Amino acid sequence: MKKNLDTLLVTARARLVPMVVAFRQLPTRDQRLLALMMAVLAVALLWVLVAAPAMRYAESARQQLDAARADLGWMQANAARARHASAVGALQPGQTLLSAVNASAQQANLNLQRFEPDGDRRVRVTLENAVFTDVMRWVVDLERRYGVRVESFNADVQAQPGLANIRLTLATSS
């Protein structure tokens, strides 16, 4: 590495010597004008290569900081809404999945023929001659209000259009 640096210095010196000799042979007025042009060129290069990129970076960082502050403000302003939203879709403390399923079925005017717990977090439900669309609305409501999901679903179509015998297993993660 040191050899490469030494070689580079020797090469640069060999090219600079003739330029310095030519510069010294110029009239004083031309030397001053050339020195002034070199100074202007040095300032321009310093601006283009150092100052302008630094200023662009600083402005970009300022904009990112402003955006992050705006995001933080929005998050703080909506923290209560987020806490409320996380509370929706979950069983209330002390409420069982079985009681939530039974109560919501009554509210939806569905007659559960059979419903039985299958462990702590699952319930098997049977409905006979139920209106299929009403059952689907009820299942969506269970998911929205209590975070209940359907693990299994079986529907047998009845002779009358829109009715079905339905067996399903509902589960919750909490």
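Shown above is the structure to which this text applies.
An account of the accompanying structure is given in this report. Going along each chain's sequence as written, the residues are numbered from 1 onward. Only residues with pLDDT of at least 70 are given local features in this predicted model, and only at 80 or more are side-chain atom pairs given and counted; all residues enter the totals for whole chains, interfaces and linings. Side-chain numbers come from the whole structure's heavy atoms, not from hydrogens or water.

What follows is about the nonpolar core. We call a set of buried residues a nonpolar core when its members are Ala, Val, Leu, Ile, Met, Phe, Trp, Tyr or Cys and they connect through side-chain atoms within 4.5 Å of each other. Exposed residues in this analysis have more than 50% of their type's maximum accessible area, buried residues have under 20%, and partly exposed residues fall in between, with area computed by a 1.4 Å probe over protein chains only. Ranked by size, the top nonpolar core spans 20 residues in total, and within it V101, V125, L127, V135, W138 and L170 carry the most contacts. Counting from the N terminus, the helices are the DSSP runs of H or I reaching at least four residues and the strands are the DSSP runs of E reaching at least two. Listed by contribution, the elements that provide at least two residues to this core are helix 4 (97-107), strand 2 (122-131), helix 5 (132-146) and strand 4 (163-171). Among the elements that line this core, the one with the most residues is helix 5, at 5 residues.

Another aspect to go through is the pairing of strand 1 (residues 112-117). Of the strand pairs in this sheet, strand 1 and strand 2 are connected by 5 bridges, and their pairing is antiparallel. Of the residues in strand 2, the one forming a bridge with L112 is L127. Should DSSP find at least two bridges between two strands, the strands are taken to pair.

Each reported salt bridge corresponds to a side-chain nitrogen of Lys or Arg within 4 Å of a carboxyl oxygen of Asp or Glu. The full count for this structure, using the stated rule, is 11 salt bridges. A salt bridge links E116 to R124; its shortest N-O distance comes to 3.5 Å. On the basis of relative accessibility, which here comes to 26%, the residue E116 falls in the partly exposed class. With relative accessibility at 36%, the residue R124 sits in the partly exposed group. Three or more residues joined by partner-sharing salt bridges are found here, namely R114, E116, D118, R122, R124, R149 and E151.

Simply put, an axis is a line fit to the C-alpha atoms, just over the touching stretch for a helix, and the angle between two N-to-C directions goes from 0 to 180 degrees. Two elements in contact, helix 4 and helix 5, have axes whose closest approach is 10 Å; the angle formed by their N-to-C orientations is 130°. Put simply, helix 4 runs oblique to helix 5. The chirality of how helix 4 crosses helix 5 is right-handed. On helix 5, the residues that touch A100, V101, S104, A105 and Q107 of helix 4 are W138, L142, R145 and Y146. Under this grouping Gly is polar, as are all residues other than the nonpolar Ala, Val, Leu, Ile, Met, Phe, Trp, Tyr, Cys and Pro and the charged Asp, Glu, Lys and Arg. The residue inventory of the contact of helix 4 with helix 5, partitioned by class, reads 6 nonpolar, 2 polar and 1 charged. Here the word oblique covers every angle except those under 35 degrees (roughly parallel), over 145 (roughly antiparallel) and from 65 to 115 (roughly perpendicular). In a left-handed crossing the near helix is turned counterclockwise from the far helix by less than a right angle, and in a right-handed crossing that turn is clockwise. Here, two residues are considered to be in contact whenever any of their heavy atoms come within 4.5 Å of each other.

This paragraph deals with the pairing of strand 4. Regular strands place side chains that alternate from one sheet face to the opposite one. Along strand 4, 7 of the 9 residues are buried, which leaves the element largely enclosed by surrounding structure. Pairing of strand 2 with strand 4 involves 8 bridges; the strand directions are antiparallel. Within the sheet, the bridge partner assigned to A130 lies in strand 4 and is A164. With 8 bridges joining them, strand 3 (residues 149-157) and strand 4 adopt antiparallel strand pairing. Across the sheet, the residue bridging to S152 is T169, located in strand 4. The antiparallel pairing of strand 3 with strand 4 creates a hairpin that spans 5 residues between the two strands, and G162 there sits at a positive phi of about 90°.

One open sheet accounts for 4 strands, arranged 1-2-4-3; its pairing is antiparallel. Both edges of this open sheet fall to strand 1 and strand 3, since each of them pairs with a single strand only. In this sheet, neighbouring strand axes are inclined to one another by 10° on average, regardless of whether the strands run parallel or antiparallel. Docked against the sheet, helix 4 engages strand 1, strand 2 and strand 4, running at close to 165° with respect to strand 1.

Moving on: unusual backbone geometry. Within the chain, N109 stands out as a residue other than glycine whose phi angle is a positive 60°. For N109, the position within the fold is in the loop between helix 4 and strand 1. At N129, a residue that is not glycine, the phi angle is positive and equals roughly 50°. Secondary-structure assignment places N129 in strand 2. Look at N129 and you get partly exposed, because its relative accessible area is 48%.

Structural measurements only, silent on function.
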